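Tertiary structure, described
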Amino acid sequence: MAANNSLAGDDFLLRKVRFIVLQTLMMIFLFINLLLIITFFKKEYFYTTARYILFAVSLLSDSFLLFMSDILLIFTHFHITIQVWLCIIIFVVVLVYVTVTPVTLAAMTLERYVAICMPLRHGELSSTRNTMNCILIIHGISSVPCIVILSTFFVSASLSFYTKCQFCSVEVFMFYIWQHNLRSAVYQFQFLIMSIIIVFSYIKIMKVARAASGEDKKSSKKGLRTVVLHGFQLLLCLIQLWCPFIESALFQFNLSLYEIVRYLNFLFFYLAPRCLSPLIYGLRDEVFFQALKHYASFGLYKRNHI
């Protein structure tokens, strides 16, 4: 009996530690994103340049997603149930913005392809107006999985189900195996198309990099590294889609192992891909990094002299 109480206490403590670690990481990532978003709006050059506008879209979508996911995480940790209609509202945001980031990655890769392989048309194709239209297309494409998942839910759920209190997760909207399979098929198809775009852009930029010389070669190689990082980011997002299937199998097999794997999946395949955008553009991009240093140091200077 004492041994069982000790194990239960250790398990409770471990869950608390995991929860505190995740909350700390969430706050750090949201703070960094906020700093980058403020820097973006401080300089006109950033919000009139296609690559930085798309970067800001990825930052905003990641911030929305992290914030809403954190709310769901808190609900799960404290075993809070909510009515299904409220869960639907939360998941509309989650389901849309979980896809906005990878679709934006594909758009950013295409922008680098146009800049390096079609430099004479880059100004025309990457105008502010075209970029705004691109953002609308990104959100339209990202809404497809949400529309599919909720449409199958609406035709399957009874009216009384909407007022029931449930743990808010995507599994709430899945009554049948075919709904899981349909969701998986939609996501896999989207990521297949995005993977093709990234591989195509990589091959084209690599050809230009080999043929270029001097400053053009340096620019092409930098673009190539950016595309590779986008590809790695997309791979992590793709692995994230397989996580629910692994977790479902473990849930039936071993609850303790399920909780550990779910925690690691969230950490490596949910948080990690959304921390690479600040690294790729916030630190690697010299123009943005200099602006970030300027405004960060200016903010510290003002605070110290108040």
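Residues numbered from 1 in each chain as written. Predicted model: local features only at pLDDT ≥ 70, side-chain atom pairs only at ≥ 80, totals over all residues. Heavy atoms only, no water.

**So, a positive patch on the surface**
Together, Lys218, Lys221, Lys222 and Arg225 give the surface a local cluster of positive charge. One can find Lys222 in helix H7 (residues 214–253). Among the residues examined, Lys222 registers a relative accessible area of 32% and is labelled partly exposed. (Patch = residues over 30% accessible without salt bridge, like charges linked within 9 Å, V, L, I, M, F, W, Y side chains within 5 Å. Areas by Shrake-Rupley, 256 points an atom, 1.4 Å probe, with all protein chains shown as cover. Salt bridge = Lys/Arg side-chain N within 4 Å of Asp/Glu carboxyl O. Lys, Arg positive; Asp, Glu negative; His and termini not counted. Charge placed at Lys NZ, Arg CZ, Asp CG, Glu CD. Helix = DSSP H or I, 4+ residues; strand = E, 2+ residues; numbered from the N terminus. Buried < 20%, exposed > 50% of the residue type's maximum accessible area, 1.4 Å probe, protein only.)

**Notes on unusual backbone geometry**
Phi is positive for His79, close to 55 degrees, though the residue is something other than glycine. Relative to the elements of secondary structure, His79 occurs in the loop between helix H2 (50–77) and strand S1 (82–83).

**Comments concerning the packing of aromatic side chains**
Following the criterion strictly, the structure yields 21 aromatic pairs and no others. Ring centres 6.1 Å apart and planes at 20 degrees place the aromatic pair Tyr52 and Phe288 in the stacked group. Residue Tyr52 is found in helix H2, and its partner Phe288 is found in helix H10 (residues 286–304); the two are separated by 236 residues along the sequence. Per residue, the accessibility class of Tyr52 equals that of Phe288, and both read buried. On the numbers, 5.6 Å between centres and 75 degrees between planes, the contact of Phe91 with Phe173 is edge-to-face. One end of the pair, Phe91, is in helix H3 (residues 84–117); the other, Phe173, is in the loop between strand S2 (165–166) and helix H6 (177–211), with 82 residues separating them in the sequence. On the basis of relative accessibility, which here comes to 7%, the residue Phe91 falls in the buried class. Judged by relative accessible area, which is 0%, Phe173 ranks as buried. Aromatic rings pair up to connect Phe91, Phe153, Phe154, Phe161, Tyr162, Phe173, Phe175, Tyr176 and Trp178 into one cluster. The residue whose ring lies beneath Arg51 is Tyr52, and the NZ or CZ to ring-centre distance is 5.3 Å. (Phe/Tyr/Trp six-rings, centres within 6.5 Å; stacked < 30°, edge-to-face > 60°. Lys NZ or Arg CZ within 6 Å of the ring centre and 35° of its normal.)

**Focus on the pattern of salt bridges**
Applying the stated criterion to the full structure yields 2 salt bridges. Arg112 is the partner of Glu111 in a salt bridge, and the nearest nitrogen-oxygen pair spans 2.8 Å. Accessibility expressed as a relative area gives 6% for Glu111, which makes it buried. The salt bridge partner of Glu124 is Arg121, with a shortest N-O separation of 3.7 Å. Within this pair, Glu124 and its partner Arg121 are both found in helix H4 (residues 119–125), separated by 3 residues, close to a single helical turn.

**So, empty space enclosed by the protein**
Using the criterion set out here, one finds 1 cavity of 30 Å³ or more in the structure. Space inside the largest cavity adds up to approximately 30 Å³. If you trace the largest cavity, you find it lined by Val98, Thr99, Pro102, Tyr187, Phe191, Cys237, Gln240 and Leu241. Looking at the lining of the largest cavity, the elements with two or more residues in it are H3, H6 and H7. (1 Å grid on protein atoms, 1.4 Å probe; cavity = no way out; pocket = protein on both sides within 12 Å on 5 of 7 lines; lining within 4 Å. Points joined across faces, edges and corners; volume = space filled by probe spheres on them.)

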